[in-house]
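Notes for the structure review
Residue strings, one per chain:
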Amino acid sequence: MTAENRHNFNLIKGGLNESASGGAREFVGASVTNTRLMGVISMTVHWYLPENSQMTDLYQFFYFDAEENGFETYSSLLGGNSPVDYRRVVKAENELAGGLGGEQVSITEKEARYILQSYASFNRERSLSLPKGQEEYGFMLSPAVTLSDEELNILMCKQCPLLDSPNQVITYFLMRCFGRDFEAAKFLTKGYVRTNLFPDLKAATLLKNTIEEYQDAVSGANTQYRQTGKEPGKVRDFATFQTLKSYMCESLLEFGGKYYLAVTQVSLEHLRVVKYEKLSLFRLSAAEASMMTRRSEFITVMDLVSYAPEFTKDSTALAARSMLTEHEGGELFMIFRDNNDHVKKPIYLLNDDVLGIYYVLDAGQLILASYSLDGIKALEKDLEESYMDDYVVPVSKYEFKEPVLLEFIHSGFDDFEDFVEAISLEPLDPDDGR
């Protein structure tokens, strides 16, 4: 072939070769979970890539921890604008934020960049490495974004749920204080309130919090009056005052395998903390802490028939939003409640956000477990309404006075009935009406 007859060919890349790094990006939208007061948030950002021919949509998923880990997790999806891609996005969001119990709230591009830059600074200040994928999200780290005080307050409000009860405010406040997340704690205060009353404690997890209204020893009442607008030298005017209510709190804390009980008094003006006092702090043993958090566990046992399909996240509606973990003898699907209303209770327990668990044994058994009666009923109904109901055989139901499922998982038994016999507990009647 002569040089004159040769042709120059240009390689045209197909959609499969298109990437998310580099090139132009147009902001489509972003959202953040309103779970900032739990200490963690998840953020999703959607970009349009005009230079790509097929893979035109980039979805970025961020997970941030305000207490210790900062910018902790990053993942992304690159695709087109199709129903299949949308389902992939929903699945990815659920895997990252399914356990947070919050709602997605829309934010602006400026707010999204500010959140990312704030947690990236958090990591740098603590010598924490940034997650992999910086070639995709690095463009959001510059130029630096600053927000006014008003903009900061608006953004914080977007990241927090509606506060409508004293218990909710107090537990969130204590959770943030003991987690040494003072920025979020101060969001719940009015006026100056010292939040770091336990400087010798490291960032601790609030395992349990008990709230009781404070009763004055003399009057027996729980109302204090604080005069406002008083001017020196003038007669006091009692027509203007604000009512404060005080609460006694016992907080069970854990960090580094150590347990403490902190007793504090918190005073509210409406739904804002105006006073925070330390009363006592003492160390507890692991056994004492276990007794304080002890609770019942409801368990329903099913056998899977030999021709049953594999149990996956697609098997039931609740399993679809579960968090999956692998164990030596099977797979555990943990299902969280879709809200954080347990924070409103006078007795808060950390794991009250768990609705229930499906544990699928390799040996062909399916175990349903929950800490509450409504939880186990929800799991049973969920299974009954799924196609898996045709492949299970009911075996037994139990109520244990303390949780045993974790012990069973690590026991080496491959049949729950054998495990129960070994620990000498009697099952409930399968027709007990649950």
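Preceding this paragraph is the structure being described.
Attention in this report is confined to the structure presented alongside it. (Residues numbered from 1 in each chain as written. Predicted model: local features only at pLDDT ≥ 70, side-chain atom pairs only at ≥ 80, totals over all residues. Heavy atoms only, no water.)

What follows deals with the sheet that holds strand β15 (residues 354-361). With antiparallel pairing, the 6 strands of this open sheet are ordered in space as β12-β13-β15-β16-β11-β17. This sheet does not close on itself; its edge strands, each paired only once, are β12 (323-327) and β17 (392-400). Strand-to-strand twist of the sheet, defined as the mean angle between neighbouring strand axes without regard to direction, takes the value 20°. With 8 bridges joining them, strand β11 (residues 297-304) and β17 adopt antiparallel strand pairing. Looking at β17, one finds that Glu297 is bridged to Phe400. Packed on one face of the sheet, helix α10 (residues 416-423) meets β11, β16 (365-370) and β17 and runs near 30° to β17. (Pairing = 2+ DSSP bridges. Helix = DSSP H or I, 4+ residues; strand = E, 2+ residues; numbered from the N terminus. Axes fitted to C-alpha atoms, helices over the stretch in contact; angles between N-to-C directions. Contact = heavy atoms within 4.5 Å.)

What follows covers the packing of aromatic side chains. Applying the stated rule across the entire model yields 25 aromatic pairs. Plain terms: the ring middles of Phe62 and Phe71 are 5.8 Å apart, the flat faces sit at 45° to each other, and that makes the pair tilted. With relative accessibility at 1%, the residue Phe71 sits in the buried group. One aromatic cluster is present, built from ring pairs that chain together Phe62, Phe64, Phe71, Tyr74, Tyr119, Phe122 and Tyr137. Over the face of the ring belonging to Phe122 we find Arg126, whose NZ or CZ atom lies 3.6 Å from the ring centre. (Phe/Tyr/Trp six-rings, centres within 6.5 Å; stacked < 30°, edge-to-face > 60°. Buried < 20%, exposed > 50% of the residue type's maximum accessible area, 1.4 Å probe, protein only. Lys NZ or Arg CZ within 6 Å of the ring centre and 35° of its normal.)

It is worth spelling out the sheet that holds strand β1 (residues 26-33) at this point. The strand order across the open sheet built from 5 strands is β4-β3-β2-β1-β5, with neighbouring strands paired in antiparallel fashion. Each edge of the open sheet carries a strand with a single partner, namely β4 (70-79) and β5 (104-107). With strand direction ignored, the average angle separating the axes of adjacent strands in the sheet is 20°. With 4 bridges connecting them, β1 and β5 associate as antiparallel partners. Note that in β5 the partner of Val32 across the bridge is Val105.

Looking along the chain, the bond that leaves Ser142 and enters Pro143 is cis, with omega of -5°. Among the secondary structure elements, Pro143 is positioned in the loop between α3 (134-137) and α4 (149-158). Non-glycine residue His270 carries a positive phi angle of around 60°. Within the element layout of this structure, His270 appears in the loop between β9 (258-269) and β10 (272-284).

On to helix α5 (residues 166-178). Since the α-helix advances by 3.6 residues per turn, residues separated by three or four positions end up pointing in the same direction. The end-to-end C-alpha distance of α5, which contains 13 residues, comes to 18 Å, matching closely the 18 Å that a straight helix rising 1.5 Å per residue would cover. In terms of residue burial, α5 counts as a mostly covered element, since 12 of its 13 residues are buried. All buried positions along α5 are accounted for by Asn167, Gln168, Val169, Ile170, Thr171, Tyr172, Phe173, Leu174, Met175, Arg176, Cys177 and Phe178. Positive backbone phi, approximately 60°, marks Arg180, located one or two places after α5. (Expected span 1.5 Å × (residues − 1).)

This part covers the nonpolar core. Ile170, Tyr172, Phe173, Leu174, Phe178, Val266 and Tyr276 are the most contacted members of the largest nonpolar core, which has 36 residues in total. Going through the elements one at a time, α5, α6 (182-186), β6 (205-213), β8 (241-255), β9 and β10 are the ones with two or more residues in this core. No other element matches α5, which puts 8 residues into this core. Apart from the residues within four sequence positions on either side, Ile170 is in contact with Ile211, Tyr247, Cys249, Val266 and Leu268. Counting residues in hydrophobic clusters, the runner-up holds 26 residues, among them Trp47, Ala112, Ile115 and Tyr137. (Core = buried A, V, L, I, M, F, W, Y, C linked by side-chain atoms within 4.5 Å.)

On to the environment of Ser21. Mapping Ser21 onto the fold places it in the segment before β1. Once the C-alpha coordinates of Ser21 and Phe139 are considered, the two residues, 118 residues apart in sequence, prove to be 9.2 Å apart.

For the rest of this paragraph, the subject is the pattern of salt bridges. One pass over the full model with this rule turns up 19 salt bridges. For Lys344, the salt bridge identified is with Asp164, shortest N-O distance 3.2 Å. On the criterion of sequence distance, the pair formed by Lys344 in the loop between β13 (330-336) and β14 (347-349) and Asp164 in the loop between α4 and α5 is long-range, its members being 180 residues apart. The partner of Lys275 in a salt bridge is Glu277, and the shortest N-O contact between them spans 4.0 Å. One network of salt bridges, in which partners are shared, links Arg36, Glu67, Arg176, Asp181 and Glu183. (Salt bridge = Lys/Arg side-chain N within 4 Å of Asp/Glu carboxyl O.)

Another aspect to go through is the environment of Gly356. Mapped onto the elements of the fold, Gly356 is located in strand β15. Along the primary structure Gly356 and Lys377 are separated by 21 residues, whereas in three dimensions their C-alpha atoms are 9.7 Å apart. Apart from residues no more than four positions distant in its own chain, Gly356 is found in contact with Phe333, Met334, Ile335, Ala369, Ser370 and Leu379.

Here Glu331 shows up in strand β13. Once you skip the residues sitting within four places of it in the chain, Glu331 turns out to touch Phe311, Leu324, Thr325, Glu326, Tyr358, Tyr359 and Val360.

This next bit is on the packing of helix α2 (residues 109-125) against α4. At a closest axis distance of 11 Å, the pairing of α2 and α4 adopts a crossing angle of 85°. As the angle between them shows, α2 and α4 are arranged roughly perpendicular. Where α2 approaches α4, its residues Lys110, Glu111, Tyr114 and Ile115 are matched on the opposing element by Glu151, Leu152, Ile154, Leu155 and Lys158. Here the residues of the contact of α2 with α4 sort into 5 nonpolar, no polar and 4 charged. (Parallel < 35°, antiparallel > 145°, perpendicular 65-115°, else oblique. Nonpolar A, V, L, I, M, F, W, Y, C, P; charged D, E, K, R; others polar.)

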